[in-house]
Each structure stands twice: as structure tokens, then as C-alpha cells.
Amino acid sequence: LEWMNGQHLARLSPDALAALAAPAVEAAGLASAAELLGSRRAWFDQLLEQLRVRSRTVDDLVRQAAVYLRDEVAYDADAVAKHWRKDPAAAASLLAAAREALAGLEAWEPAAMEPALRDAAAARGVGAGKLFQPLRVALTGSAASPGMFDVLALLGRESSLARVDAALALLAEPAGGGAPG
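For every chain, the first residue of the written sequence is number 1, and numbering continues from 1 along that sequence. For this predicted model, a pLDDT threshold of at least 70 governs which residues receive local features, and a threshold of 80 or more governs which side-chain atom pairs are given and counted, while totals over whole chains, interfaces and linings are taken from all residues. To get the side-chain values, all heavy atoms of the structure are used, and hydrogens and water are removed first.

**Let's talk about the overall build of the protein**
Moving on, step 1. For the protein, the helix and strand inventory stands at ten helices and zero strands.
Moving on, step 2. The numbering of helices and of strands both runs from the N terminus, where a helix is a DSSP run of H or I of at least 4 residues and a strand a run of E of at least 2. Across the protein, helices and strands are ordered from the amino to the carboxyl terminus as α-α-α-α-α-α-α-α-α-α.
Moving on, step 3. We compute the radius of gyration over the C-alpha atoms and compare it with the globule rule, which gives 2.2 Å times the number of residues raised to the power 0.38. Relative to the compact-globule value of 16 Å for 181 residues, the protein shows a C-alpha radius of gyration of 17 Å, a close match.
Moving on, step 4. Projected onto its principal axes, the C-alpha coordinates of the protein cover approximately 45 × 35 × 25 Å.
Moving on, step 5. Considering the protein as a whole, with its 181 residues, one finds that 46% of them fall into the buried category.
Moving on, step 6. Computed with a 1.4 Å probe, the accessible areas rest on the Shrake-Rupley method; for each residue, only the protein chains presented here act as cover. When the accessible area of the protein is evaluated, it comes to approximately 8,800 Å², of which 53% is carbon and sulfur surface.
Moving on, step 7. Of the charged side chains in the protein, 18 are positive and 22 negative; the average position of the first set lies 6 Å away from that of the second. Partly exposed residues are those whose accessible area sits between 20% and 50% of the maximum for their type, while under 20% is buried and over 50% is exposed, using a 1.4 Å probe and protein chains only. Asp and Glu are treated as the negative residues and Lys and Arg as the positive ones, with His and the ends of the chain left uncounted. Charge coordinates come from a single atom per side chain, which is NZ of Lys, CZ of Arg, CG of Asp or CD of Glu.

Pasting the structure below:
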């Protein structure tokens, strides 16, 4: 399916896109196509909608989907260096603030997440972007992803908080972010 470019992906209906992507996701060993097209279909459609704009091929979709379908995060060394290692204590402080704000939410939805995270950043005297970037790396392993609130919604509460905890554990290591790099 390498011939299919980003313009073709953008024009596909959600059903056609899911029908193309699910078998490729299964072939990559990430999830069952039957599950993605069945019990997890609404979630899979949301995921594909977020990823299709950043994908030129079905392989791109699958590569990006892996972040949401695996439990462990593969950290990009450049993202870690830029957003964690420059100041590990500051990154840890911001991640702890983000975790506290997110853990306290009653509803796991963007309308609640955004003000909670913006308030947490403001309480530390930084703009939201200074909090969002270390959080994005914690959640996705990368400095680039769909919007922060979409990422959090797609990952869900449990996975999002677990990923922040894992990032905090890495930042607590003597090397100050023992992730690859």
C-alpha cells in the first residue's frame, strides 16, 4: 500500500480508512483487526482521524498508531534531550504538576483537561507549552503528536497517568532522564 499517498488517505471515508489500516496494524503485531473493527471501533476511528493528517502512507499510520497500542513508550533521544535532559529537575516538576492536575479530574475529557493543565503551568510561572512539551514526550516518546488533549483522550486516564509515572521514574534516575540518547 506504499502507493497510497497522504492526499488519498485524507480523502478516504472513515470506513475505508479503518478497513485499510486495521489489517496493517494487525500485521505489525499491534492489535487484532477484528477487535479494532469491532469492540474498539469508535476509538480506532478517533485514532485514525488524528493520525491521518500526519501520515503519507498506511505504514506511517501504523508507525504512529503504535504509540497508542503498546504499553511501553519508545522515547526519541532528541525529544528527551530537548525537553527533559536540559533541566531534568524542571521537567520532573512540570510532569509532577501535570500528573497531579490530571489525576484530580472527574471527567477525562479535553474540556476538563485543558484548564487543569493550563492552571498547573500558570501556578509554576510558565506558559502551557513549557508543560505540554515534557508531557508530550512522556505520553508519546516524541516531540510531535496530535494535540495534547487528543493524545490524553486516546490513551485514556490509566495509561496516561502510568506513562507520566514512568517518565518521572526515568527523570529520578541519577543520569537525569535515563532514557536513550
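**Quick notes on the pattern of salt bridges**
Moving on, step 1. For this document, the term salt bridge refers to a Lys or Arg side-chain nitrogen within 4 Å of an Asp or Glu carboxyl oxygen. Under the criterion given, the structure shown has seven salt bridges.
Moving on, step 2. R52 is paired through a salt bridge with E49; the nearest N and O atoms lie 2.9 Å apart. Highlighted residues: R52 and E49, both in helix α4 (residues 41-52), separated by three residues, approximately one helical turn.
Moving on, step 3. Taking the relative accessible area as the measure of exposure, E49 reaches 38% and is therefore partly exposed.
Moving on, step 4. For the salt bridge of D165 with R99, the shortest nitrogen-to-oxygen distance reads 2.4 Å. With a gap of 66 residues between them, D165 in helix α10 (residues 148-172) and R99 in helix α7 (residues 88-103) connect regions that are remote in the sequence.
Moving on, step 5. A relative accessible area of 34% means that D165 is categorised as partly exposed.
Moving on, step 6. Connected through shared salt-bridge partners, D15, R41 and D45 make up one network.

**A look at the confidence of the model for the protein**
Moving on, step 1. A residue's pLDDT is simply how confident the predictor is in it, with values from 0 to 100. Of all residues in the protein, 93% attain a pLDDT of 70 or more, and the chain-wide mean is 90.
Moving on, step 2. Put simply, helix α1 (residues 6-11) is where the protein has its lowest mean pLDDT, 77, and α7 is where it has its highest, 96.
Moving on, step 3. A contact between two residues is defined here by any heavy atoms of the two lying within 4.5 Å. Note on residues 176-181: pLDDT under 50 across the span, and 22 contacts to partners over four residues away in sequence or across chains.

**Quick notes on empty space enclosed by the protein**
Moving on, step 1. Lining residues are those with an atom within 4 Å of a point, where the points come from a 1 Å grid over the protein atoms alone and group into cavities, where a 1.4 Å probe fits but cannot get out, or pockets, open sets with protein on both sides within 12 Å along at least five of seven lines. Grid points are joined across faces, edges and corners, and a volume is the space filled by probe spheres set on the points. Tallied over the full model, the rule gives one cavity of 30 Å³ or more.
Moving on, step 2. Of the volumes computed, that of the largest cavity is approximately 30 Å³.
Moving on, step 3. Lining the largest cavity, in full, are P14, L17, A18, D45, L48, E49 and R52.
Moving on, step 4. Per-element accounting of the lining of the largest cavity gives the leading share, four residues, to α4.
Moving on, step 5. Looking at side-chain class alone, the lining of the largest cavity contains four nonpolar, no polar and three charged residues. Amino acids outside the nonpolar list (Ala, Val, Leu, Ile, Met, Phe, Trp, Tyr, Cys, Pro) and the charged list (Asp, Glu, Lys, Arg) are all regarded as polar, and Gly is one of them.

**Let's talk about the environment of L48**
Moving on, step 1. Within the secondary structure, L48 is located in helix α4.
Moving on, step 2. Residues L48 and A65, spaced 17 residues apart in sequence, show a C-alpha to C-alpha distance of 8.0 Å.
Moving on, step 3. Excluding residues within four positions of it along the chain, L48 makes contact with L17, A18, A21 and L61.

**Overview of the packing of helix α6 (residues 77-85) against helix α9 (residues 128-140)**
Moving on, step 1. The convention used is that axes are lines fitted to C-alpha atoms, helices contributing only their stretch in contact, and that angles between N-to-C directions extend from 0 to 180 degrees. Where α6 meets α9, the closest approach of the two axes is 9 Å, and the angle between their N-to-C directions is 140°. Regarding the angle of α6 to α9, the classification is oblique. Handedness of the α6/α9 crossing: left-handed. Contacts from A79, V80, H83 and W84 of α6 reach α9 at Q133, P134, V137 and A138.
Moving on, step 2. Of the residues assigned to the contact of α6 with α9, the class counts are six nonpolar, two polar and no charged. Roughly parallel refers to an angle under 35 degrees, roughly antiparallel to one over 145, roughly perpendicular to one between 65 and 115, and oblique to any angle outside these ranges. Working rule for handedness: look at the near helix, and if it is turned counterclockwise from the far one by less than a right angle, call the crossing left-handed; if clockwise, right-handed.

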